[in-house]
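# Survey of secondary and tertiary structure
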Amino acid sequence: MSAVDIDRINVFMAVRKAERPARRAAFSLALPLIAFLVVAFVAPILYLLVTAFGNPETREVLPRTLVALENWDGTSTPEEPVYAALAADLKIAKDNSTAALLGKRLNYEISGMRSRVLSAARMADKLETGPYKEKFIGLHQDWASPDVWSVIKRNGASFTPYYLLTALDLQQAPDGSLERTAGDQAIFLDVLGRTLFVAGLVTLFTLLLGYPVAYVLTIAPKAVAGIMMLMVLLPLWTSLLVRTTAWVVLLQSDGIINDLLMALHLTSEKIQLIFTRIGTVTAMTHIQLPFTILPIYSVMRSIPTTQLRAARSLGAGPSSAFWRVYAPQTLPGVVAGCLMTFILSLGYYITPALVGGPRDQMVSNFISVYINRDLNWGLAAGLGVVLLGVTLAIYLLFLRLVGADKIKLG
Amino acid sequence: MWLPSYATPSERLMRTLVVALAVAVLLFLIAPLFIIVPLSFSKDPFFTLPVQEYSLRWYEDFFGNPRWMTAIANSAIAAVLTTILATTLGTLAALGISRADFPARRLVMALLISPMIVPIVIVAVGSYLFFGQFGLTNTRTGLVLAHTALATPFVVITVTATLSTYDTNLTRAALSLGASPSSTFFRVTLPNIMPGVVSGAIFAFATSFDEVVVALFMTAAEQRTLPVQMFSGIRDQINPTIMAAATLLLALSIMLFATLSLLTRRRVR
């Protein structure tokens with residue numbers, strides 16, 4: 001390295017050092033918000049991730065049994081010490097009323113385990129002396145099954161892939177290998193596929209309907225364009241719930257759209273619109289349209305109109321001038337608008353809940369059901385991990401192609 | 001300037017079709033919003049047009065019902081607190097991030113914008129489980145914290161946009177003339193970026209006032225907000241009182257939107 005190079009590096013380092021206080025000052029202004037978001041936004045999401053993998057039940061309720069299982073060969077029925085430990089653990093569980101927690105957790109993986117654990121706990125509470133092994137097996141033959149014991153042993157780990165696997169319609173066989181969840185239990189890939197499909201459909205419709213609007217906005221006289229812009233921005237400003245309410249009313253069987261269709265003789269009897277896929281996609285398209293229109297418009301506005309004229313004067317026909325000169329230049333706006341609409345559509349909850357039928361519920365709706373109705377927080381969190389993963393993947397694509405600083409509001 | 005003079009007949013037809021489609025889409029955008037207004041003034045509890053007889057009975061119902069009134073008060077309090085918190089935090093961050101020497105800007109910006117991107121149910125469920133550890137579910141504090149996180153991206157975006165047109169020489173001039181950093185901020189910078197700050201505040205207020213999903217998870221009957229009350233109403237049995245509530249929310253949105261439009265117009269001048 002020559003002396004000049006070293007000088008250059010020294011100067012560079014000196015400049016970096018001189019800039020450091022300014023960088024620190026700039027960063028310290030953003031620090032309160034960053035710290036706030038870490039506590040009030042990132043931490044809750046991380047907590048959700050931990051809930052998706054957390055596995056406290058077996059460890060807390062069966063500590064002695066898990067120790068006794070350490071030397072078990074994994075293929076035969078365990079020996080008496082394991083059952084003695086199980087009896088001791090379940091006796092305490094009965095006193096602390098924690099047996100139900102364990103039963104609920106094991107029941108996710110082996111159906112029927114809830115009642116087996118509860119009756120075993122009742123029995124253990126009354127048992128004074130051993131041998132315990134034959135009493136448990138006498139209560140239910142599942143207590144002799146190596147498969148049941150491998151599931152118990154596996155769930156001694158602090159973390160479990162169970163919920164995430166379930167959210168992807170996968171399960172772990174007793175020997176640890178992965179297999180597809182069977183038949184009617186396998187619903188979640190269908191829900192995920194439906195969510196992606198509806199989001200894609202909404203994105204496509206907003207593009208088809210929004211592109212002409214954005215274009216006409218750029219060629220309309222200023223006063224007209226101003227009014228048109230108002231008509232795009234006002235819905236964006238209106239509460240999502242108000243817009244959804246409007247659609248609930250419009251789509252009623254005795255509602256305005258059916259009246260209109262019958263008045264126009266497009267149909268002779270009332271059509272079911274509310275609680276259908278058509279209704280859901282229509283309402284979501286309506287809500288998402290401004291998000292697609294605005295980025296396309298802001299790109300179109302910067303394309304000089306003289307270019308189309310130049311293309312025409314050079315001999316291009318109207319359609320080839322459009323497709324080969326104009327449309328390619330609008331692509332950045334199309335990508336920005338479509339990615340934004342797709343990302344936001346993935347997370348819809350309110351509109352499918354109020355306008356959709358049971359077959360139109362998206363991943364978000366299932367998360368809510370598992371939290372509120374089934375109280376299966378682990379599975380809700382597992383579904384959350386899948387939804388968050390898909391969303392963040394597309395957000396990264398958005399950051400790469402468009403950039404976070406390109407998001408504008410009207 | 002709807003059509004260039006060299007347009008062929010087929011091009012004219014095409015252009016007419018595109019304009020017609022655009023007009024139809026704009027009607028599709030705006031009509032559903034205003035359909036609820038006449039329905040809320042109808043005497044009959046049916047959702048059909050034309051309205052046979054007008055009355056204010058659903059508004060009487062709305063304003064006479066303590067449940068709706070508590071819900072409005074709850075929403076207003078949460079929204080005002082959210083606005084104050086989000087506007088302060090967001091404006092400070094925008095001031096920092098707009099400086100030329102801000103480190104790792106792209107990364108920080110991606111984090112600050114992410115509350116807009118993450119599915120709302122994930123925020124709601126995460127807050128419900130996490131804040132529950134500290135006894136903050138079913139409290140106003142928990143709701144305001146979660147709403148503030150959701151509202152800050154809007155403040156950051158609007159204030160950053162205003163700052164991009166702000167002449168930093170003004171700050172330098174004030175400092176060189178002997179003003180302290182804080183009086184420079186309050187007497188020079190802040191008045192200049194005020195339209196952006198107020199726009200951000202309006203966005204923050206609207207975000208909190210209209211938000212349903214987080215509020216559904218984070219509130220009990222006592223903190224129930226207006227959107228939650230509406231949501232439960234539509235779920236059970238949709239009734240015209242909800243139309244009255246929706247019409248009032250629509251009026252509020254129009255007012256906020258008008259304020260914002262006036263602000264941005266002044267900024268352009």
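Residues numbered from 1 in each chain as written. Chains lettered and ligands numbered in written order. Predicted model: local features only at pLDDT ≥ 70, side-chain atom pairs only at ≥ 80, totals over all residues.

## Side note on the overall build of chain B
For clarity, the threshold we go by: Strands are runs of DSSP state E lasting at least two residues, helices are runs of H or I lasting at least four, and both sets are numbered from the N terminus onward. The globule rule used for comparison is 2.2 Å times the number of residues to the exponent 0.38, while the radius of gyration itself is calculated over C-alpha atoms. Using C-beta atoms placed from the backbone, we call a residue buried if 20 or more other C-beta atoms fall within 10 Å of its own, exposed if 12 or fewer do, and partly exposed for counts in between. Any two residues are considered in contact once their C-beta atoms, placed from the backbone, lie within 7 Å.
Check the secondary structure of chain B and you find 11 helices and zero strands. When the elements of chain B are put in sequence order from the N terminus, they spell out α-α-α-α-α-α-α-α-α-α-α. The C-alpha radius of gyration computed for chain B amounts to 23 Å, which surpasses the reference 18 Å derived for 269 residues by more than 25%, pointing to a less compact arrangement than a globule. Put simply, chain B has 269 residues, and 46% of those count as buried. When contacts within chain B are restricted to residue pairs at least 6 apart in sequence, those whose partners lie at least 24 apart make up 75%.

## Points about the overall build of chain A
For chain A, the count of helices and strands is 19 helices and two strands. Here chain A has a C-alpha radius of gyration of 31 Å; the compact-globule value for 410 residues is 22 Å, and the former is much larger. Dimensions of chain A, computed from C-alpha atoms along their principal axes, come out at roughly 100 × 90 × 40 Å. Counted over contacts in chain A with a minimum sequence separation of 6, partners at least 24 positions apart contribute 68%.

## Description of the packing of helix H1 (residues 3-53) of chain A against helix H3 (residues 66-97) of chain B
Convention followed: Axis lines are fitted to C-alpha atoms, over the contacting stretch for helices. Their N-to-C directions set the angle, which ranges from 0 to 180 degrees. Throughout, the term roughly parallel applies to angles under 35 degrees, roughly antiparallel to angles over 145, roughly perpendicular to angles from 65 to 115, and oblique to all others. By the definition used in this description, the sense in which the near helix is turned from the far one sets the handedness, with an anticlockwise turn below a right angle giving left-handed and a clockwise turn giving right-handed. Charged means Asp, Glu, Lys or Arg here, nonpolar means Ala, Val, Leu, Ile, Met, Phe, Trp, Tyr, Cys or Pro, and polar covers whatever is left, Gly included.
Where H1 of chain A meets H3 of chain B, the axes come as close as 7 Å, and the angle between the chain directions of the two elements is 140°. Considered as vectors, H1 of chain A and H3 of chain B are oriented oblique to each other. Crossing of H1 of chain A over H3 of chain B shows left-handed handedness. Each of Ala26, Phe27, Leu29, Ala30, Pro32, Leu33 and Phe36 of chain A in H1 of chain A lies in contact with H3 of chain B, whose residues at this interface are Leu89, Gly90, Leu92, Ala93, Leu95, Gly96 and Ile97 of chain B. Residue composition of the contact of H1 of chain A with H3 of chain B, grouped by class: 12 nonpolar, two polar and no charged.

## Concerning the interface of chain B and chain A
Contacts between chain B and chain A engage 83 residues on the former and 79 residues on the latter. Of all elements in the fold, only helix H1 (9-40), H3, helix H4 (105-117), helix H5 (120-132), helix H6 (140-163), helix H8 (181-210), helix H10 (226-236) and helix H11 (240-268) of chain B reach the threshold of two or more residues within the side of chain B that touches chain A. The greatest single-element share of the side of chain B that touches chain A, amounting to 16 residues, is contributed by H1 of chain B. Here the residues of the side of chain B that touches chain A are counted per class, giving 67 nonpolar, 10 polar and six charged.

## Quick look at the nonpolar core
The line we're drawing: Put simply, a nonpolar core is buried Ala, Val, Leu, Ile, Met, Phe, Trp, Tyr and Cys residues tied into one set by C-beta atoms within 7 Å. An automatic or database domain assignment supplies the residue ranges for each domain.
Counting 169 residues, the largest nonpolar core has Leu383 of chain A together with Ala124, Val125 and Val214 of chain B as the members making the most contacts within it. Two domains each put at least three residues into this core: domain 1 (1-54) and domain 3 (188-406) of chain A. Apart from residues lying up to four places away in sequence, Val214 of chain B is in contact with Ile120, Val123, Ala124, Ser127, Ala146, His147 and Leu150 of chain B. Among the nonpolar cores identified, the runner-up in size contains 26 residues, and Leu90, Ala93, Trp143 and Ile152 of chain A belong to it.

## Concerning the domain arrangement of chain A
It is common to give the size of an interface as the accessible area that goes away when the parts come together. Residue and element names in this part refer to chain A. Each assigned domain of chain A is listed with its residue range as follows: domain 1 (1-54), domain 2 (56-158) and domain 3 (188-406). Of the residues lining the interface, four residues belong to domain 1; the matching set on domain 3 comes to six residues. Class assignment of the residues belonging to the side of domain 1 that touches domain 3 gives a composition of three nonpolar, one polar and no charged.

## Overview of the packing of helix H10 (residues 188-219) of chain A against helix H14 (residues 277-300) of chain A
All names here are of chain A. Between H10 and H14, the least distance of the axes is 6 Å, while the angle of their chain directions is 45°. Here H10 lies oblique to H14, going by the angle between them. Helix-helix and strand crossings are classified by hand; for H10 and H14 the assignment is right-handed.

## Observations concerning H8 of chain B
Selection rule: By definition here, a helix of n residues has an expected span of 1.5 Å times n minus one. Throughout, the bend at a residue refers to the angle made by two axes, fitted to the seven residues ending there and to the seven starting there.
In this model H8 of chain B runs just 37 Å from its N-terminal to its C-terminal C-alpha over 30 residues, more than 12% under the 44 Å that 1.5 Å per residue would give. For H8 of chain B, the principal kink sits at Met194 of chain B and spans about 60°; a proline, Pro195 of chain B, occurs within the next four residues.

## A short note on unusual backbone geometry
Residue and element names in this part refer to chain A. Phi angles above zero are rare outside glycine, and Phe275 is one such case at about 65°. If you trace the backbone, Phe275 turns up in the loop between helix H13 (256-263) and H14. Classification of Phe275 as partly exposed rests on a count of 17 C-beta atoms within 10 Å.

## Overview of the confidence of the model for chain B
Residues and elements named next belong to chain B. Rule in force here: pLDDT: the predictor's confidence for each residue, scored from 0 to 100.
With 96% of its residues at a pLDDT of 70 or more, chain B has an overall mean of 89. Between the elements of chain B, mean pLDDT differs from a low of 84, seen in H11, to a high of 95, seen in H3. Taken over the whole predicted complex, pTM reads 0.90, whereas the ipTM for its chain interfaces reads 0.91.

## Points about the environment of Thr148 of chain B
Secondary-structure assignment places Thr148 of chain B in helix H6. Sequence separation between Thr148 of chain B and Thr82 of chain B is 66 residues, and the spatial gap between their C-alpha atoms is 5.0 Å. Those residues in contact with Thr148 of chain B that lie beyond four places of it in its chain are Ala40 of chain A together with Thr82, Leu85 and Ala86 of chain B.

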